[in-house]
Amino acid sequence: QVQLVESGGGLAQPGGSLRLSCAASGFTFSAYYMSWVRQVPGKGLEWVSRINAPGDTTTYLDSVKGRFTVSRDNDQNTLYLQMNNLNPEDTGLYYCARDTAGYDYWGQGTQVIVSS
């Protein structure tokens, strides 16, 4: 019953921006930490960002600090990732995941391609 559905990916030029969304259902979204994780070709899975349940504490992979912003709207059961100043190394399949003992639920992912 738990569902996480990512959207907002696409093609961007280096230096461009994308805003990813993750629509959550089937659980009490406001009670959980949430993370963004990406599958990067040649690098495997890497954690990108985490936000606590109320949304007032965030953490980031060092390489995205200052460029990405994670946020959430608990009233709408939605997680966001604002990605600015994209570079080709940000290319990958981006997943949102519920954060418990590890990531117990994942969405299907949304593809981000950063290329000239």
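So, here is what we can say about the structure in this document.

## Digging into the sheet that holds strand β8 (residues 78-83)
Item 1. Taking strand neighbours across the sheet as the criterion, the 4 strands line up as β1-β3-β8-β7 in an open arrangement whose pairing is antiparallel. Each edge of the sheet is formed by a strand with only one pairing partner; in this case those strands are β1 (3-7) and β7 (68-73). Taken pair by pair, the neighbouring strands of this sheet meet at an average axis angle of 15°, ignoring direction.
Item 2. Note: β1 against strand β3 (residues 18-25), 5 bridges, orientation antiparallel. Each bridged residue has a counterpart across the sheet, and for S7 the counterpart in β3 is S21.

## Quick look at the pairing of strand β9 (residues 92-100)
Item 1. For β9, a buried count of 7 out of 9 residues is recorded, marking the element as mostly surrounded by other parts of the structure.
Item 2. Relative to β9, strand β4 (residues 33-40) is paired through 7 bridges, and the arrangement is antiparallel. For W36, the partnering residue across the bridge sits in β9 and is C96.
Item 3. Of the strand pairs in this sheet, β9 and strand β11 (residues 110-114) are connected by 3 bridges, and their pairing is antiparallel.

## A short note on the side chain of N52
Item 1. With respect to the helices and strands, the residue N52 is situated in the loop between β5 (44-51) and β6 (58-60).
Item 2. Among the residues examined, N52 registers a relative accessible area of 8% and is labelled buried.
Item 3. Within the local environment of N52, its side chain forms a polar contact with the backbone nitrogen of G55, the two atoms lying 3.0 Å apart.

## Concerning the environment of N87
Item 1. Relative to the elements of secondary structure, N87 occurs in the loop between β8 and β9.
Item 2. Between the C-alpha atoms of N87 and L18, which are 69 residues apart in sequence, the distance is 11 Å.
Item 3. For N87, the contacting residues outside a window of four places in its chain are R67 and V114.
Item 4. Here E89 takes part through its backbone nitrogen, which lies 2.9 Å from a polar atom of the side chain of N87.

Rules and cut-offs
- Residues numbered from 1 in each chain as written.
- Predicted model: local features only at pLDDT ≥ 70, side-chain atom pairs only at ≥ 80, totals over all residues.
- Heavy atoms only, no water.
- Pairing = 2+ DSSP bridges.
- Helix = DSSP H or I, 4+ residues; strand = E, 2+ residues; numbered from the N terminus.
- Axes fitted to C-alpha atoms, helices over the stretch in contact; angles between N-to-C directions.
- Buried < 20%, exposed > 50% of the residue type's maximum accessible area, 1.4 Å probe, protein only.
- Polar contact = N/O pair within 3.5 Å; in protein donor to acceptor, adjacent residues only side chain to side chain.
- Contact = heavy atoms within 4.5 Å.

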